[in-house]
Amino acid sequence: MTAAARGSPTERYRRERPPVSRECGEELTRITDDIDDPIVKLRYLQKALNEDGDKSALVQLVPIPPARRAWYRLKGLRALDAVADADEEIAERTLAARKTARRVVVGASAAAMLFVPVLVAIVAWQVNRWRSEPEQVASVGSSTEANATAIEATTAPLSVPTTLTTPAPVEENTPVNQPPVAESLADDDVGIVPSMLWLADRGPDWELYSNGLRIETAYTVKGTPRDYRVHARDGKLLPTKLDRPIGILFHTSESDLWPLEPGYEKELRKGSEALLRFVKREQAYNYMIDRFGRVYRIVDDDSRANHAGHGVWARGDEVYLDLNSAFLGVSFESRWEGGRTLPITRAQLIAGRNLTHYLRQRFAIAPEMCVTHGLASVSPKRGLIGYHLDWARGFPFKAFGLPDLYAQPLPSVALFGFTYDSEFLRTMGERWPGLIAAEQQLAGEARQRAISLDDLRHERQAEYRRWRAELPTPAGDEPGLANRNR
Ligand SMILES: [Zn+2]
């Protein structure tokens, strides 16, 4: 993108927006404390911040902190309801958050009402000031954004940058069915690659490995130790308790993306730092790879990260249902949008490949256990695949030296009869080969047993629920029900 295109309507990443105040950020954070799924939480924050817009500038004029906070909470609660209304599953997941927020609002609004006269007086005084200084507004431009900017300008000292990310609105009409977007790399035929990987050097907050992988450890935290069991395909829960990761689940961070250009250094750095703090607080992933290819270890390898939600994967005779425990979560700073993953950088690709080699060697991870979230994620309540869709297409398996798992029959469909709805097809545009293969397997089995496909699906989904119920549910595993330790 050229410098001239910066900030133009075709800007594909995100627009400039004034920072939200610290108080607004704190209130939104408080409301989201009861939402356990980090991605649901991020979606909620997007909604709340996008709706907030110019109105929050007005509320910053209120001189009394409790009244400001009550207002922010009311706004935040409204956004929470809007997100929940759009999705039955999210409604369930955010129930605890909404109950808590509502309770506090009832108390706080009584107090806030006392300050309404003050708010009205101040707004009236401020409007009078704008009227007397028309040239200031005119110089900024037109539309409501101009008003917001003018208000922002008059209240600059009150505006404190927040630690929250302020993601861009989802672009409408992004074409689907674009080819995979990650760049592929030339084969590994240039330079020497050591056959074994070892720790070559380390400092107080970094580790360097012999393949060039550098892991930043300044954000590393310990979480709940991995402790899980695996089912055999016949439904038997295998007795062995496991405490080491057996696979890798690839994600996108669903966060802001700034153009990779000189002039955006500050935004790029601040965006990544805010994301890292969010991921650390939520213990959302084991590893994050920023857009310059820096690899951060967040939740340490021996602990489960809260990255997978409900999911299914299988290999050989083994079926995995507790993916948070069984898989390491590796997230690329990027976003799933309009039916595809936005391009990752070559630096991310190289770093991701080196990290994958390192993790595979360290934990003896089989290649077909390096999976994407979009392939494994399910919504058990609705019996649907693709609850999270990150990397549901376009992951560069080949460049990572991994088998193409888009071609392998999808375990959630073949084993448990999960299906998809029209919304899924509209987003994806088409089914990938492994999904088609899994559906054919299921249909073949229904024919063989002379039962309807629907009956077979019901039977299998009931089986999934039975298997899932047999697993111990560690704290924080059921999103929306419990607060994790931070
Ligand atoms: Zn994900």
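Predicted model, so just to flag it, every value in this text is computed and none were measured. Every chain is numbered on its own, with residues counted from 1 as its sequence reads. Thresholds applied to this predicted model are a pLDDT of at least 70 for local features of residues and 80 or more for the giving and counting of side-chain atom pairs; totals over whole chains, interfaces and linings are not thresholded and use all residues.

Chemist: So what exactly am I meant to see when it comes to the overall build of the chain here?
Modeler: Each helix and strand counted, the chain has 17 helices and 15 strands in total. A burial count over the chain gives 39% of its 486 residues as buried. Relative to all contacts within the chain whose residues are 6 or more apart in sequence, the contacts with residues 24 or more apart total 73%. Secondary structure elements follow DSSP: runs of H or I no shorter than four residues count as helices, runs of E no shorter than two count as strands, and numbering proceeds from the N terminus. Between the buried cut of 20 or more and the exposed cut of 12 or fewer other C-beta atoms within 10 Å of a residue's own C-beta lies the partly exposed class, and all C-beta atoms are placed from the backbone. Throughout, a residue-residue contact means that the two C-beta atoms, derived from backbone geometry, are no farther apart than 7 Å.

Chemist: What is the right way to read the sheet that holds strand E4 (residues 231-232) from this model?
Modeler: Either a parallel or an antiparallel arrangement is found when strands of a sheet pair, and the pairing is made through backbone hydrogen bonds. Pairs of strands are assigned from DSSP output, requiring at least two bridges between the strands. Judged by pairing direction, the sheet is antiparallel, and its three strands sit side by side in the order E4-E9-E8 without closing on themselves. Strand pairing shows two members of the sheet lacking a second neighbour, E4 and strand E8 (313-315), which therefore form its edges. Sheet topology places E4 next to strand E9 (residues 318-320); two bridges connect them, and they run antiparallel. Counted as the bridge partner of Ala232 is Glu318 from E9.

Chemist: Would you mind going over the confidence of the model for the chain with me for this structure?
Modeler: Detail in the predicted coordinates should be disregarded across regions flagged by low pLDDT. Per-residue confidence from the predictor is reported as pLDDT, which spans 0 to 100. When the pLDDT values of the chain are averaged, the result is 77; 60% of them are 70 or greater. Segment residues 132-183 is flagged for pLDDT under 50; beyond a separation of four residues in sequence, or across chains, it makes 93 contacts in the model. Note that residues 475-486 has pLDDT below 50 and, in this model, 30 contacts with residues that lie over four places away or in other chains.

Chemist: Please explain the pairing of strand E2 (residues 206-209) as it appears in this structure.
Modeler: Each regular strand displays side chains that alternate between the two surfaces of the sheet. As paired strands, strand E1 (residues 199-203) and E2 are joined by four bridges and run antiparallel to one another. Following the sheet pairing, Gly203 is matched in E2 by Trp206. The hairpin turn running from E1 into E2, its antiparallel successor, is two residues long. Sheet topology note: the E2/strand E3 (residues 214-216) ladder contains three bridges and is antiparallel. Note on E3: the bridge partner recorded for Trp206 is Glu216. The antiparallel pairing of E2 with E3 creates a hairpin that spans four residues between the two strands, and Gly212 there sits at a positive phi of about 95°.

Chemist: Can you help me understand the sheet that holds E1 in this one?
Modeler: Reading across from one edge, E1-E2-E3-E7-E6-E10-E5-E13 is the order of the eight strands in this open sheet, with mixed pairing throughout. The open sheet has two edge strands with one neighbour each: E1 and strand E13 (370-372). In this sheet, adjacent strand axes meet at a mean angle of 25° when their direction is disregarded. For helices, the fitted axis covers only the stretch in contact; all axes are lines through C-alpha atoms, and the angles between them, taken along N-to-C directions, range from 0 to 180 degrees.

Chemist: How do you make sense of the environment of Gln348 when you look at a structure like this?
Modeler: Along the polypeptide, Gln348 turns up in helix H12 (residues 346-363). For Gln348, a count of 22 C-beta atoms within 10 Å puts it in the buried group. Put simply, Gln348 and Gly293 are 55 residues apart on the chain and 4.2 Å apart in space, counted from C-alpha to C-alpha. Contact partners of Gln348, with chain neighbours within four places excluded, come to Ile289, Arg291, Gly293 and Phe332.

Chemist: Any chance you could explain the nonpolar core here in plain terms?
Modeler: Burial of nonpolar side chains together is a common tendency in soluble globular proteins. By definition, a nonpolar core groups buried Ala, Val, Leu, Ile, Met, Phe, Trp, Tyr and Cys residues that are joined through C-beta atoms within 7 Å. The biggest cluster of nonpolar side chains holds 71 residues, and the ones touching the most others in it are Ile248, Tyr285 and Tyr287. For this core, the element with the highest residue contribution is H12, accounting for five residues. In contact with Tyr287, other than residues within four places in its own chain, are Val295, Tyr296, Arg297, Ile298, Leu328, Val330, Ser331 and Leu355.

Chemist: Could you clarify how one ought to interpret unusual backbone geometry in this entry?
Modeler: What is expected of a backbone is that most residues other than glycine have negative phi and most peptide bonds are trans. Even without a glycine there, the phi angle at Gln283 is positive, about 50°. As for its placement among the helices and strands, Gln283 is situated in the loop between helix H10 (265-282) and strand E6 (287-289). Its identity as a non-glycine residue notwithstanding, Ala450 has a phi of 55°, on the positive side. Checked against the element boundaries, Ala450 lands in the loop between helix H16 (433-448) and helix H17 (453-470). The exposure class assigned to Ala450 is exposed, which follows from the 6 C-beta atoms found within 10 Å.

Chemist: Please explain the environment of Pro194 as it appears in this structure.
Modeler: Within the element layout of this structure, Pro194 appears in the loop between helix H9 (143-154) and E1. Linking Pro194 and Asn211, residues 17 residues apart in sequence, is a C-alpha distance of 6.7 Å. With residues up to four places along the chain from it excluded, the contact list for Pro194 reads Ser210 and Asn211.

Chemist: Any chance you could explain H10 here in plain terms?
Modeler: Residues lying three or four places apart along an α-helix face the same way, a consequence of the helix completing one turn every 3.6 residues. Here the expected length of a helix is defined as 1.5 Å per residue gap, with one fewer gap than residues. Here H10 contains 18 residues, and its C-alpha end-to-end distance of 26 Å stays within 8% of the 26 Å for a straight helix at 1.5 Å per residue. Every buried residue belonging to H10 is among Leu268, Gly271, Ser272, Leu275, Leu276, Phe278, Val279 and Glu282, and all of these are buried. For H10, the arc enclosing every buried residue in end-on projection is 165°, short of the 170-degree limit, so these residues lie on one face. For H10, the exposed residues set more than 90 degrees away from the buried face come down to Glu265 and Lys266. Looking one or two residues past H10, Gln283 carries a phi angle of roughly 50°, positive in sign. Think of it as the arc spanned by the lines of direction from the helix axis to the C-beta atoms.

Chemist: What am I meant to see in the pairing of strand E10 (residues 327-332) here?
Modeler: E10 sits mainly inside the fold: six of its six residues count as buried. Neither face of E10 is exposed, since Phe327, Gly329 and Ser331 on one face and Leu328, Val330 and Phe332 on the opposite face are all buried. Here strand E5 (residues 247-252) runs beside E10; their pairing, made up of six bridges, is parallel. The residue bridging Phe250 from the neighbouring strand is Val330, located in E10. Bridging between E6 and E10 involves three bridges; their strand directions are parallel. When the sheet's bridge partners are listed, Met288 is paired in E10 with Ser331.

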